[in-house]
Structures are given as structure tokens and as C-alpha cells.
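# Coordinate inspection notes
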Amino acid sequence: MLILTCLRPGCDGTELVGERFIFLVDNSASMSATDTPEGITRLKSAKNQIRNAIQSMAAGSSAMLISFSDSASVQQSYTSNKSELLRKLEQIEPTERTSDLNEALAAATGLANPGRSSDKESQLDVQVADALDAVLYIYSDGGVRKVNEFAQGALSPEYHAVGSFGDPPANVGITAFSIGEPSDSDGAVQVFARLQNSDDVAQTVSVTFYVGDVLQDAVADVLIPSNDAKGISFELSGAAAAVNEPTTVRLKIDNDDIFMLDNEAFAVLNPPRKSNVIIISDNTPYFRYACSTDAIKKRSNVEFHGAEYLNEKEYLQRAIAGFYDLAIYDSLIPKTMPQCNTMIWNELPPGDRWQRSAVHSPSPVLDYDGSHPIMAAVKIGGLTIINSRDVEGPQGSLSLIESTSGSIAMLGPRESYLDFVIGFSIVETDDNGETSINSDWPKKLSFPIFMQNAIENLSGLSSFSAGANVQPGDLVTIKPSVPFEKINVRGPDGMITTLKPQENRSFLFSNTKQSGVYEVSNPTDGEIDQRIAVNLMDANESNLVVREDLNLGYSNLQRVASQVPKRKEFWPWILVGSLILLMAEWIIYNRRVFI
């Protein structure tokens with residue numbers, strides 16, 4: 001046996017070298033592609049590799065498990081219990097979300113590289129805990145968003161690429177799908193889509209277009225060049241005009257491929273609803289004139305009231321309940337802001353978030369933001385303003401009109417609403433109740449255009465409502481057509497979530513984990529109020545090319561094939577066994593024990 005020991009018997013194997021390990025596993029949408037050598041999804045392949053790595057950990061080693069898509073989740077903190085690590089690994093499920101490594105890296109570095117603590121009195125800056133060396137294994141296809149910063153510290157990162165190498169995977173996906181606004185000339189409505197091909201070879205696909213469950217159009221043999229995208233469009237005018245309930249619009253690529261999550265996209269066509277606009281002013285003729293256009297009459301219910309209406313019960317109830325889509329106040333302000341967007345002339349919203357200067361006279365217009373939708377096609381050169389005040393809104397405010405002294409019209413945020421504050425009035429009223437013209441703007445063609453733009457953009461009116469693009473995992477703010485006490489949201493999987501309103505009467509829905517259409521209904525009668533389309537539509541996720549390296553801030557991490565090979569030696573155990581046998585023989589011989 002001693003001679004056998006000298007031959008050092010053993011075999012090749014793999015074993016993780018180190019005492020502490022952090023496993024980051026990508027479970028974003030692209031990890032559902034089935035281009036692995038085993039014919040399984042990338043996520044399953046990654047889990048198989050991590051399972052083998054955990055089983056190869058030496059006795060006494062510990063590991064942590066973190067999954068990530070657009071956010072990170074610590075599945076298991078540091079433990080040396082392999083069974084627990086394997087159990088938590090099996091619980092990681094695929095998602096339909098985009099991929100962002102930043103949060104996962106922040107979690108890993110925060111646990112491996114503890115921060116410092118300062119004591120002002122003693123002026124000491126001390127380390128909270130010692131940084132412990134750890135190997136960071138990243139299992140991903142590399143299709144992640146840019147990593148801005150990465151403090152490596154005690155971490156030794158390794159990138160284990162998952163997926164097929166060599167020829168890029170053949171995949172054509174829908175990366176954009178939207179309903180356009182009606183044409184100004186003939187009211188035509190079109191649907192636009194973009195198909196992306198991430199292969200080095202041109203691909204041909206067929207697509208079908210549905211309105212509700214009815215086939216509206218089909219296009220065969222759409223050729224998409226290699227590593228490029230192609231736009232297609234469909235006519236929707238007739239269907240849009242006939243919409244009387246929330247209707248799903250769907251585009252489908254009929255060709256199967258290795259990544260089916262981007263082969264279908266949804267949009268929602270909600271029926272037209274007139275916006276509710278209230279104008280409170282003691283000088284309404286100018287506003288009545290500006291709001292007399294056919295476009296506003298057709299698409300908005302505009303109420304006109306004097307200042308006394310602010311104290312009436314009807315107004316207070318409607319303002320709190322979110323009945324109005326836009327409230328316009330002229331030289332007056334309510335004690336409490338309504339649950340809607342506002343336009344405020346010659347006053348400031350209550351509170352200290354807005355500030356204004358002393359009166360400037362005269363106030364020639366120096367510049368305006370013609371690129372903003374409210375100011376589109378509004379020509380205000382030569383506008384006369386006698387008295388005005390500069391206004392300054394909260395952080396994030398945008399100046400739309402500038403005078404020689406500063407901004408005199410600014411758009412600023414208020415929770416989920418916008419306040420458009422204008423630092424002058426059309427008509428001024430003195431202490432004796434006498435009125436005088438302060439600006440000649442109503443005499444100019446640009447005034448009704450300006451008011452129409454403001455009402456269209458601040459009240460949200462349109463000939464129909466095309467739902468905004470929402471991606472899986474996004475937080476959605478739902479504003480029903482009427483202020484319900486609660487709503488039900490039914491997901492594509494049939495799961496129903498009941499929501500209660502926020503203070504502003506809107507509802508927040510976060511369970512958008514799956515692509516498809518979500519139905520919002522009144523729990524009382526079950527009638528569908530609106531539909532919400534959730535789509536992946538991400539060019540990065542549809543590009544299935546496995547990246548050869550991973551950019552981590554200031555460095556590129558090249559992919560590695562597998563764990564570090566390590567020979568498994570049997571001879572130490574044979575040597576120990578031989579010594580034990582010799583010792584037993586020696587004891588038996590000395591005691592004269594005969595068998």
C-alpha cells in the first residue's frame with residue numbers, strides 16, 4: 001500500500017478555490033432564450049452551472065446567492081449550508097424584465113466591502129468591519145445596461161457567459177409598437193412597429209395584425225437586414241373610429257424562434273372621452289373666445305365660473321375627487337390644489353414651493369420654448385405685457401416664456417400633476433374694482449392656439465386614448481374614468497388584484513410581471529374601464545448575441561469557460577489508511593494477540 005501511495009493516485013476534477021463566494025445569476029428576459037448546447041433556457045443552464053459550483057465548494061466555505069434583472073434580489077445571504085443554497089437556487093424563476101447589473105453589484109460590494117464610520121467628536125474615521133475576500137461569479141449572457149461604477153475592493157469577479165457562441169442566434173423581435181395620433185388632414189390613424197434582427201444573416205418573417213380577436217391585416221415575407229431593424233405600419237382609421245370600449249390591438253410574428261417573448265406585442269385603444277376643464281375667472285370673455293374653437297368643443301367639456309365658485313360645495317367635492325382634468329385659475333387661487341393639472345394666471349400655488357419677484361413694467365418677451373407642445377406654432381413676437389412678475393418653480397420646472405428679467409411662464413411638477421404658472425394677467429383689477437387691459441395677447445391669433453395647446457396637453461384630451469408603453473416590472477399609475485372607491489386589475493394569467501385609491505384618487509399597480517393586457521374594472525359591476533398593455537419591447541433583450549466580455553465601470557471582464565480545474569488526490573487517504581493499519585499490527589504484535 002505504501003508503494004501505491006508513492007504513485008499518488010487521483011483524478012481530474014473541479015473545485016472552487018477560496019472560502020467565500022457570491023453567485024450573481026441573471027434572470028432577465030433574454031435568459032429565456034433556448035440556444036444553449038443542452039437545448040434548455042439560458043437560465044436553466046446557468047442554474048446547472050451554479051449547482052455544480054456549490055457542490056464543488058470545499059468544506060467550511062460559504063456562499064451568497066443573488067438574482068438580478070432590472071433589480072436585484074438577495075436569494076440567500078452568506079451560508080455554508082449547501083442544501084439551503086441549492087434550495088434557494090431552485091426557487092429562482094425567469095422574468096420578462098430588462099437586465100441591469102448595477103443594483104446586484106452594489107449589493108455584492110456592500111456586503112464584501114463594508115463602509116466606514118465617522119465620529120465627529122473624536123474626529124475618528126474607522127472601518128466598520130474588515131473587508132473579506134470573496135470570489136464574485138456572474139452568470140449572464142452579458143446583455144446588461146452600462147455599469148457606471150464598480151468598487152471591486154476585496155472582490156475577485158469572474159464572468160461566466162451563458163448561451164451559444166460562434167454564430168449569433170437567429171432571432172427577430174418586436175422592439176416598438178405604438179398607435180399614432182390622427183392625421184390633421186384626414187384623421188387617418190396608423191399603427192407603427194419595428195422589427196429587429198440580431199443575426200448576421202438577413203431574416204424573413206410573416207406578421208399578423210389583430211384588433212380585438214379579429215384579424216385586421218397580415219404581411220408575408222417581411223425582410224429584415226442582418227443586424228438591423230425594419231419599420232412596418234398598418235391602417236387603423238376605421239377600427240379607431242368604431243371604438244366604443246377598451247380594445248386590444250395585437251401584432252404577432254408567426255415564425256417560431258429561440259426567443260418567443262419578443263414575438264408578440266400589444267397596444268390598447270381606449271374609447272374617446274371628453275376631458276373636463278374648469279376655468280375660474282372674473283374676466284371670462286377672453287377665455288370663452290379662446291375656447292370656442294371646434295377642436296376644443298369637440299373634445300373637452302369646458303366650464304366657466306366666477307371667483308365665488310371656489311367656495312361652493314360642488315366645486316370642492318369635484319376638485320378633491322379628481323373630476324377635473326385641468327383647472328384654470330385667473331388672478332385667484334384655491335386654498336387647496338385640485339387633484340388635476342392646473343394653469344394659474346397672475347398667482348402662485350399655495351405653499352412655499354413657488355416664488356415670484358416684484359412687478360416688472362413693461363415686460364417685453366425675450367424668448368420662448370417653441371419645441372414644447374404647449375408652445376407649438378405659437379408666435380408671440382411683439383406681444384405687449386405691461387406688468388408681470390418673474391416666477392420660479394420647484395426643482396424640475398421648465399421655463400416656457402422668458403422676459404428680459406426672467407421666466408414669466410413656467411411648468412412645474414406637483415406630485416403626479418403639473419402646474420403651469422404664468423406671471424401676468426390679461427386684465428388687471430385695482431383696489432377700487434376698476435379693470436384695465438394688461439396684455440394684448442387675446443387680440444393675436446396665437447392666443448387661441450396657445451389655449452388649445454395647453455388644454456390638449458394638460459388635460460390629456462385626444463380623439464382616442466392610446467395607452468402608454470409599459471414594460472414588465474414598471475409601476476403603473478391608473479386613473480379611471482370615474483373616481484372609484486376601489487378597482488380590480490386582472491392580469492394576463494387571470495390573477496385579480498384589488499386596489500384602493502391614493503389621496504389623489506389614482507391607483508398604483510406594481511404587479512406588471514408578465515407581458516400582455518391587464519384589464520381594469522369596477523368591482524361592483526365588473527365593467528371594464530380601461531386596458532393596459534405591458535410589453536418587453538427592448539432592443540437590448542432582443543439582441544441575443546452572447547457578449548464575450550462584460551464592462552464593469554473602468555474595466556472589461558473577459559468571459560471564463562468554467563471553474564478552475566483542480567486534481568482530486570486519493571493518495572493522502574491511502575497513506576492515512578496504511579498508517580492506521582501499521583499501528584494496529586504493531587499493537588496486536590506487542591500484546592501477543594493471536595487470531
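Residues numbered from 1 in each chain as written. Predicted model: local features only at pLDDT ≥ 70, side-chain atom pairs only at ≥ 80, totals over all residues. Heavy atoms only, no water.

### What to know about the confidence of the model for the protein
- Overall, the prediction assigns the protein a mean pLDDT of 86, with 88% of residues at 70 or greater.
- Confidence drops under pLDDT 50 across residues 116-129; counting only partners more than four residues distant or on other chains, this segment forms 15 contacts. (pLDDT = per-residue confidence, 0-100. Contact = heavy atoms within 4.5 Å.)

### Considerations on the sheet that holds strand β34 (residues 528-534)
- Here we have 4 strands laid out as an open sheet, ordered β31-β30-β33-β34, and antiparallel in their pairing. Since the sheet does not close on itself, it has two edges, and those belong to β31 (496-499) and β34, each with one partner. Shown here is a sheet whose adjacent strand axes are inclined to one another by a mean of 20°, direction ignored.
- Inspection of the sheet shows strand β30 (residues 487-490) paired to β31 by 4 bridges, in the antiparallel sense. Note that in β31 the partner of Ile487 across the bridge is Leu499. (Pairing = 2+ DSSP bridges. Helix = DSSP H or I, 4+ residues; strand = E, 2+ residues; numbered from the N terminus. Axes fitted to C-alpha atoms, helices over the stretch in contact; angles between N-to-C directions.)

### A look at the side chain of Ser67
- Of note, Ser67 is situated in strand β3 (residues 62-68).
- You can call Ser67 buried: its relative accessible area is 4%.
- What Ser67 contacts, discounting residues up to four positions off in sequence, is Val25, Asn27, Ala72, Ser73, Gln75 and Ile92. (Buried < 20%, exposed > 50% of the residue type's maximum accessible area, 1.4 Å probe, protein only.)

### Observations concerning empty space enclosed by the protein
- Overall, the coordinates contain 3 cavities of 30 Å³ or more when judged by the stated rule.
- Roughly 50 Å³ of volume is contained in the largest cavity.
- For the largest cavity, the full set of lining residues is Gly491, Pro492, Asp493, Met495, Thr497, Phe509, Asn511, Lys513, Gln514 and Tyr518.
- When grouped by side-chain class, the residues that make up the lining of the largest cavity number 4 nonpolar, 4 polar and 2 charged.
- Along the walls of the second largest cavity sit Ile174, Leu261, Asp262, Glu264, Ala265, Ser515, Val534, Asn535, Leu536 and Met537, which together make up its complete lining.
- Considering only residue class, the lining of the second largest cavity consists of 6 nonpolar, 2 polar and 2 charged. (1 Å grid on protein atoms, 1.4 Å probe; cavity = no way out; pocket = protein on both sides within 12 Å on 5 of 7 lines; lining within 4 Å. Points joined across faces, edges and corners; volume = space filled by probe spheres on them. Nonpolar A, V, L, I, M, F, W, Y, C, P; charged D, E, K, R; others polar.)

### Some points on the packing of aromatic side chains
- A complete count under the given rule lists 16 aromatic pairs for this structure.
- Taken together, a centroid distance of 6.4 Å and an interplanar angle of 35° make the contact between Phe424 and Trp441 tilted. Taken as a pair, Phe424 in the loop between β25 (417-422) and β26 (427-429) and Trp441 in the loop between β27 (435-437) and α9 (446-459) lie far apart in primary sequence, 17 residues in all.
- The exposure class of Phe424 is buried, given its relative accessible area of 1%.
- Trp441 sits in the buried class, given a relative accessible area of 0%.
- Members of the aromatic cluster, joined through ring pairs, are Phe287, Trp345, Phe420, Phe424, Trp441, Phe447 and Phe450. (Phe/Tyr/Trp six-rings, centres within 6.5 Å; stacked < 30°, edge-to-face > 60°.)

### Details of helix α3 (residues 82-90)
- Among all positions in α3, only Leu85, Lys88 and Leu89 are buried. Take α3 and look down its axis: the buried residues cluster within an arc of 105°, on one side only.
- Among the structural elements, α2 (42-55), β3 and β4 (72-79) are those in contact with the buried residues of α3. (Arc of directions from axis to C-beta.)

### Considerations on the nonpolar core
- Core analysis: the largest hydrophobic core is formed by 34 residues, its most contacted members being Met343, Trp345, Ile374, Phe420, Trp441, Phe450 and Met451.
- At the level of elements, β16 (275-280), α6 (285-290), β18 (326-330), β19 (341-345), β23 (398-403), β24 (407-414), β25 and α9 are the ones that each hand at least two residues to this core.
- Looking at which element gives the most residues to this core, the answer is α9, with 6 residues.
- Setting aside residues up to four positions removed in sequence, Phe450 forms contacts with Met343, Trp345, Ile374, Met375, Val378, Phe420, Ile422 and Trp441.
- Within the second largest apolar cluster, 27 residues are counted, among which are Val191, Ala240, Val243 and Ala265. (Core = buried A, V, L, I, M, F, W, Y, C linked by side-chain atoms within 4.5 Å.)

### A look at the packing of α2 against α3
- The interhelical angle for the contact between α2 and α3, taken along N-to-C directions, is 175°, at an axis separation of 10 Å. It follows that α2 is roughly antiparallel to α3 by the angle criterion. The residues of α3 that touch α2, namely those facing Lys47, Ile50, Arg51, Ile54 and Gln55, are Lys82, Leu85, Leu86, Leu89 and Glu90.
- Classifying every residue of the contact of α2 with α3 by side-chain character gives 5 nonpolar, 1 polar and 4 charged. (Parallel < 35°, antiparallel > 145°, perpendicular 65-115°, else oblique.)

### Description of the environment of Phe150
- With respect to the helices and strands, Phe150 occurs in the loop between β7 (134-140) and β8 (155-161).
- On a C-alpha basis, the gap between Phe150 and Asn102 in space is 8.2 Å, while along the polypeptide they are 48 residues apart.
- Ignoring anything within four residues of it in the chain, the contact list for Phe150 reads Leu105, Thr109, Leu136, Leu155, Pro157 and Leu552.

### What about a nonpolar patch on the surface?
- Taken together, the side chains of Met583, Trp586 and Ile587 present a nonpolar region at the surface, about 340 Å² in accessible area.
- Along the polypeptide, Ile587 turns up in helix α11 (residues 571-590).
- A relative accessible area of 35% places Ile587 in the partly exposed class. (Patch = residues over 30% accessible without salt bridge, like charges linked within 9 Å, V, L, I, M, F, W, Y side chains within 5 Å. Areas by Shrake-Rupley, 256 points an atom, 1.4 Å probe, with all protein chains shown as cover. Salt bridge = Lys/Arg side-chain N within 4 Å of Asp/Glu carboxyl O.)

### Here we look at the pairing of strand β33 (residues 516-521)
- Counting buried positions over the 6 residues of β33 gives 5, a clear majority of the element.
- Across 3 bridges, β30 lies against β33 in antiparallel orientation. Residue Asn488 lies in a different strand from β33, and its bridge partner there is Ser521.
- Judged from the 6 bridges that link them, β33 and β34 form a sheet pairing that is antiparallel. Within β34, the residue paired with Ser521 across the bridge is Ile528.
- Remark: 6 residues form the turn of the hairpin made by β33 and β34, two consecutive strands paired antiparallel; Gly526 in that turn has positive phi of roughly 75°.

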